[in-house]
Each structure stands twice: as C-alpha cells, then as structure tokens.
Amino acid sequence: MNEYPQTIAWHLTALAKQDPSATAAIFPGAGVSLTYGQLNERAQTVAKALCAMGLRRGEHVAIWSPNSSHYLEVLFGCSAAGNALAAINSNCLAHELGIFLKQSDATVLFIATGHSREAEYLDAIRVVCPELPEALPGELAAKAAPRLKTVVSLGAEKIPGMLAWQEFLALGDTVADLELTARDAAITGDDILLLLFTSGTTGVSKLAMIHQSCYMTDAHYLLTSHKMTASDVICTPLPLFHAWGLIVLLTSVAAGATALIIDQFSGRNMLAAMEKYRATFVFGVPSMLVAAIAELDCCQYDISTLRGGAMAGAPCPPHLVQAVLERMGASEFCAAYGSTEAAICITGSYDDPADKRIMTVGRPLPGVNLKVIDPQTGELAPSGVQGELCINSAMNMKGYYNMPEETARTIDAEGWVHSGDLACIDKDGFCTITGRSKDIIIRGGENIAPIEIEQLLYAHSQVKDAAVVGIPSDYYGEEPVAFVILKQGSIKPLELKSYCRKHIAYQKVPVHYFLVDEFPRTGSGKVQKFKLRDLALSLIKDQL
Amino acid sequence: MDRKQIESKMREILAQHVPELNAKEFTLDTPFSSLAIDSLKLSKIMVDMEETYGFTLSGSTMMKLKTLALTIDYIEQNVK
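Note that the structure is a prediction, hence the values are computed from the model and not measured.

Observations concerning the overall build of chain A
Okay, step 1: A count of helical and extended segments in chain A gives 17 helices and 24 strands.
Okay, step 2: Dimensions of chain A, computed from the C-alpha atoms along their principal axes, are close to 70 × 55 × 55 Å.
Okay, step 3: In chain A, which comprises 544 residues, the share counted as buried stands at 56%.
Okay, step 4: Intrachain contacts of chain A at a sequence separation of at least 6 include 69% that bridge at least 24 residues.

What follows is the structure, encoded as structure tokens:
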C-alpha cells in the first residue's frame, strides 16, 4: 500500500502555502538560495512552459547539468506537468550523451551553461546534434536523437539553436493557472517522475522508471526513521542525477527542511558550508565522507550542530561509519542500503544500537520487505546465511524503459527486485551487505559495467583482449583496473588511459593498465576475474 | 629530474588549475585541502601529472598526496 500517493509537485505546493518564506535549498558554491514559495512559483512556471511547448503528459524531458537551483526548478516543473525527467550523468562525454538522449526518447533537453565545463557541454551537444545551430527550437531533427526537438540552455546567454532559460520560461505566460491546475489534477503518484540510468552487466545502460509517489513515500519513511523536522538543515554533496542525491533532496522537502546542496564538491567546500549553515544532517557516498574526514585531519570546523545522516551507494566500511560518528560528531549517523531499482534508501535508522549502525546497513524501513535467497535455487536462505538480497515494496521501480526482458530478469512475478547484491540478514532483521553476484564495479557510489570498458578497449587497434576488474580503493570504495592482451607490438599504459579518457566519462576510466599474455580462465573459458583482482593488487603493491 | 625541477613543474600544473593560488604563501607543506580544488579540478591535475611523468595514478593515491612535499616524494620514487 502506498501511503503517499501524491506527486512531488503537490507536496511542494502544500509546503509553499504553509510557509512560503522557509528556505527550501541553498547552493553555497553559487551563493543561491530558494524559499519554498520561490521554488514552487518557478516550478509552476517551468510546468506552464512545458505545456506551452505542446508536451503531453507522460512525454520525456532530459537534463544534463551539475547541481544547481535550475535543476530543482526543472525537476518539480516536470512533476507538475506530468513529464518524466531523464537525469543524465553530469560527467558523461559526447558519445554517452548521444546514447542517453536516444535511449530516453526525450523531446526536450535542458543543458547547463555558465559552469566550468560549459565549453565541453556545448561541444558535446554539437557533436551529438550537428544540426542544432541551424535548427529552430521545437524543430530540431537530429539523426542521433530523432525524438529531440528542443534544447534549452540553463543560462541567460543566447546560443544558436537553443532556447535561453528566460525565453523558455516566457513561453509559460500563455498558459493560464487554471489550465495547469486542470492538467495537474489528472496527474497521479503512478505517473513516471524519473528515468534514472543504471549500468547493466551487459554494458548497455538501462533506464529505471520511477513513479511520482515512490520517492515521496521513501522520503517520508526516511525522515521518520531519522526524526527530521522543518528546522533541520540537510547537507547533500550528492549529484542530483543520482538516485541517492534525489531522495535526500526529496526527504528534505518532505520534512519542509532546508537542503544544503553542495554544488562544487570537495571535503573543504562541504565542511565549510556545513559550518556556515549549521547543518544537522549529512548524507553521502563513502568517498565523500572520506574526503570530509581527511579535511578534518588538517583543519578545524565547527560542525557541532550535526546530528545524523547516512552513507549508502557503495559498500560502507565500518571504520568510516565510526569515524563519522566520532570525528564529525554525528551521533545518530548510520550506514544504509538502497538500489535505484527499489527506492534508493530502504534500510537504516538513527535509533538502532551504534554497533548495528556501524557494522550493518540496518533493518528495512517501514513498508519494505527484504529477503535473502540462494542465487542458484531461489530458495529462502536461513537467517545469517549469505545469498542474493531481494526487495519488495510499493517503492519498487515500474520497470526498465523499453526493456521488458531486462525488467523480467530483475523483477520477478511476485514483485521482488533481485538486487544482484549478496547479503545476510540476522535473526533480529539487521542486514549486512557482503558482496555482489553481478559483475559491477561501484566507484564512489556510481555503478560501472566492466563490459562497457572492455568493449571500448577491444575497439583499440592494438588490443586483442581486455578484462576489467574493480580493486579496493580507500577513497572511492572501488576503482577499475584493466588487463590487456595486445595483438602485437607494444603500447604504454598511459596511451591506453588517454584513449579511454577520450571516449568514456572519467569515473569509468581504469586507473591502471596491465599488459599480460593471457588471462586466467575456467575450464569453460570464462575469465577468472577474482584471480585478476588478486594479481592487480600484487602488481600495484610492487609498483608502489 | 631533481626535486627542484619537480617542484617547479608541479607548481606550474597547480597554478594552471587553481588560478587563485598564491604562490608566495603556498609552501611545500601547505595542505592541498586548503586550496579550492574540487573533484573535477583534481581529476584534471591528475591527468597532467600522469602525462608529465608517465605513470598512472589512482584516486586513492591522489588522496594520499596531501601536500606538495608528499607529491614530490611520490614522483621521485615513481619516475623511472
């Protein structure tokens, strides 16, 4: 049963009516803050502009932007207009952007300008859509993204082929409040709100369809389990294209609190903002909290207002959770677990005993059912025995967009999402993540499919075979390394790294490259990646 | 390549990515964390270091290079 069936825009409007002057979000890097009243008004304007452009309910819109106030306006505007927002990784390169745009069937793209990577973004969109500079907004006909009709720049400057942000907003003037209200009334919590890209083991990205009420339901459970109120200041250095970043934002909105959204991440920037704005909660992936702890080693910050928060998105080392509790003074902090496919945060609570908050990812939040099964037989595993973690709740995704077979492989007939994560659940219901059954690397909270990098390496003229594995990283949790068999001749590892950097986003680029004559294989010829992982660790140890 | 040359090159790389860096106040032991280096700038500094010195770096290693002195030590040990 879904206790929060409304849209996220409905919740925003309710808060804006209740206390319009309360601060909804602060972006310390840009020096921008938004009240609930301002955010709601701007979101309504975005919704009207989308209606004026002729977008029908259910049509897809994409955004490619680092964290910014406009991101929030577009997100809530899409919710009010009933359009699904495809959140594109802000670090992606041109050919990845092309894939995402085509895969999402977005008719409108919002693209960030006025930031440090503006030139790269503009070059990338012109590579994907060379037709753009000559096209009129609404009439783009790009071969690489046939559904895309309009590109909107999230800036003031007029860029050929794009609508400037103010021009876009002005379109909404032709739509009456009543018209939007009528449209809004038809939109329900079952409408798709987000299309989130996830890495698949096949190397083909998938788009998880998340409905409107999913995140508000999760947000309410999360705020209850962390006892948040409207007076809290919730710090999130997470990117808004990431499910974890979105759910923390919406939890802050559900509580009527202030979201302190770090728009230029570094440990220093985060702690300085937490001190300045008196943050009471912090949520992040482990690498962000590693950076914060490292910063505390050399500088002092008054973050005494900090009370709690959670870390998730990647394996949470117990010593790091303990460091956040002790060094940052977040006495109610906990490790948590979630997945893009099954609501991003589904475990963890402030009032669990400290040892459980450190050593496990906690118990399931209300309304969430967890079970551990034997991955071979599908049978329920006994308490304390490792198996594949499965999740069932009203917050599960609707499926993967345009991928019924992949959906059926992930969500079974009884509605259980098979996470691909290995876990055990003790007799008291506390869950511990122990590994993964799928071939995925998690770097700094982002899932990376090794096969995508392997295919890229295969495409290099000198490479005969490639295998990519994840190795432990103090900072990112895991980082990819590549083993390569050459056809002939020689190549420097750095040349392979430069090659990868040209074609894939930096977080996917293997950090080290080992040239070998053969891979360890099973009798059936499958590469034994666990052996390569051990080999990588010994080779790196020798190097350093 | 001696320590002075490495220091000079590293100062050049840092100044390129952190224009606001005050060269006079930036000593061998000034924590990098006191500079306005976000994750994006860090990745660009990493690329420049790799291309200059011909080795590959991981994120974990970069996090351990907390000052210019430690960075010079690392480069000295790893440039062949």
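Observations concerning the overall build of chain B
Okay, step 1: Looking only at helices and strands, one finds 4 helices and 0 strands in chain B.
Okay, step 2: Its C-alpha radius of gyration of 12 Å places chain B within 12% of the 12 Å reference for a compact globule of 80 residues.
Okay, step 3: In terms of principal-axis extent, the alpha carbons of chain B reach across some 30 × 25 × 20 Å.
Okay, step 4: Within chain B, the fraction of its 80 residues that count as buried is 24%.
Okay, step 5: Counted over contacts in chain B with a minimum sequence separation of 6, partners at least 24 positions apart contribute 61%.

Some words on the pairing of strand S23 (residues 477-486) of chain A
On any regular strand, side chains alternate: one points to one face of the sheet, the next to the other face.
Residues and elements named next belong to chain A.
Okay, step 1: Counted residue by residue, S23 has 8 buried out of 10 residues, so it is predominantly covered.
Okay, step 2: Counted along the chain from strand S22 (residues 463-473) to the antiparallel partner S23, the turn is 3 residues long.
Okay, step 3: One ladder, built from 4 bridges, connects S23 with strand S24 (residues 512-515); its direction is parallel. From the neighbouring strand, Val484 faces S24, where its bridge partner is Leu515.
Okay, step 4: Once you follow S23 into helix H16 (residues 493-503) and on to S24, the crossover reads as right-handed.

Comments concerning the interface of chain A and chain B
Okay, step 1: If you look at the interface, chain A gives 23 residues, while chain B gives 16 residues.
Okay, step 2: Elements that contribute at least two residues to the side of chain A that touches chain B include exactly helix H10 (267-276), helix H11 (286-298), H16 and S24 of chain A.
Okay, step 3: Each residue belonging to the side of chain A that touches chain B can be placed in one class, and the counts come to 11 nonpolar, 7 polar and 5 charged.

Let's talk about the sheet that holds S23 of chain A
The pairing of strands in a sheet comes from backbone hydrogen bonds and takes either a parallel or an antiparallel form.
Residue and element names in this part refer to chain A.
Okay, step 1: An order of S22-S23-S24 is seen for the 3 strands of this open sheet, with the pairing classed as mixed. Of all the strands in the sheet, just S22 and S24 have a single pairing partner and so form its edges. On average, each strand axis in the sheet is inclined to that of its neighbour by 25°, with strand direction left out of account.

Describing the environment of Val527 of chain A
Residue and element names in this part refer to chain A.
Okay, step 1: Take Val527: it is sitting in the loop between S24 and helix H17 (529-543).
Okay, step 2: Accessibility expressed as a C-beta count within 10 Å gives 19 for Val527, which makes it partly exposed.
Okay, step 3: C-alpha of Val527 to C-alpha of Ala467: the two residues are 60 residues apart in sequence and 7.8 Å apart in space.
Okay, step 4: When residues no more than four places from it in sequence are discounted, the contact partners of Val527 are Ala467, Phe519 and Arg521.

Some points on the packing of H11 of chain A against helix H12 (residues 318-327) of chain A
All names here are of chain A.
Okay, step 1: One can describe the packing of H11 onto H12 by two numbers: an axis separation of 10 Å at closest approach and a directional angle of 45°. The orientation of H11 relative to H12 falls into the category oblique. The handedness of the crossing between H11 and H12 comes out as left-handed. Together, Pro286, Leu289, Val290, Ile293 and Leu296 of H11 and Leu320, Ala323, Val324 and Arg327 of H12 make up the contact between the two elements.

Remarks on the confidence of the model for chain B
Okay, step 1: Of all residues in chain B, 99% attain a pLDDT of 70 or more, and the chain-wide mean is 87.
Okay, step 2: Model confidence for the complex is summarised by a pTM of 0.85, with the ipTM given as 0.81.

Examining the sheet that holds strand S13 (residues 308-311) of chain A
Residue and element names in this part refer to chain A.
Okay, step 1: Spatial ordering of the open sheet is given by S2-S1-S11-S10-S12-S13-S14, a layout of 7 strands whose pairing is mixed. This sheet does not close on itself; its edge strands, each paired only once, are strand S2 (32-35) and strand S14 (334-335).
Okay, step 2: Set on the sheet, helix H2 (residues 36-52) makes contact with strand S1 (23-27) and S2; between it and S2 the angle comes to about 85°.

A look at the nonpolar core
All names here are of chain A.
Okay, step 1: Residues Leu85, Cys235 and Ile247 are the most contacted members of the largest nonpolar core, which totals 173 residues.
Okay, step 2: Of all the elements, helix H9 (residues 243-255) adds the most residues to this core, at 10 residues.
Okay, step 3: Listed in part, the 22 residues of the second largest apolar core include Leu456, Val468, Tyr499 and Val511.

Remarks on helix H4 (residues 94-104) of chain A
Residues and elements named next belong to chain A.
Okay, step 1: Listing the buried residues of H4 in full gives Glu96, Leu97, Phe100, Leu101, Gln103 and Ser104.
Okay, step 2: Where H4 is buried, its residues contact strand S3 (60-64), strand S4 (84-88), strand S5 (108-111), helix H5 (118-128), strand S8 (192-198) and strand S9 (206-211).
Okay, step 3: Within two residues after H4, Asp105 carries a phi angle of roughly 60°, on the positive side.

As for the pairing of S8 of chain A
All names here are of chain A.
Okay, step 1: Burial analysis of S8 places 7 of its 7 residues in the buried class, which makes it a mostly covered element.
Okay, step 2: Examined bridge by bridge, S4 and S8 share 3 bridges and lie parallel to one another. Bridge pairing links Leu85 to Leu194 in S8.
Okay, step 3: Direction of pairing for S8 relative to S9: antiparallel, over a ladder of 6 bridges. Paired with Ile192 across the two strands is His211, which belongs to S9.

Rules behind the numbers
Residues numbered from 1 in each chain as written. Chains lettered and ligands numbered in written order. Predicted model: local features only at pLDDT ≥ 70, side-chain atom pairs only at ≥ 80, totals over all residues. Helix = DSSP H or I, 4+ residues; strand = E, 2+ residues; numbered from the N terminus. Buried ≥ 20, exposed ≤ 12 C-beta atoms within 10 Å, placed from the backbone. Contact = placed C-beta atoms within 7 Å. Rg over C-alpha atoms; globule rule 2.2 N^0.38 Å. Pairing = 2+ DSSP bridges. Right-handed = clockwise from strand over helix to strand, strands pointing away. Nonpolar A, V, L, I, M, F, W, Y, C, P; charged D, E, K, R; others polar. Axes fitted to C-alpha atoms, helices over the stretch in contact; angles between N-to-C directions. Parallel < 35°, antiparallel > 145°, perpendicular 65-115°, else oblique. Left-handed = near helix turned anticlockwise from the far one by under 90°. pLDDT = per-residue confidence, 0-100. Core = buried A, V, L, I, M, F, W, Y, C linked by C-beta atoms within 7 Å.

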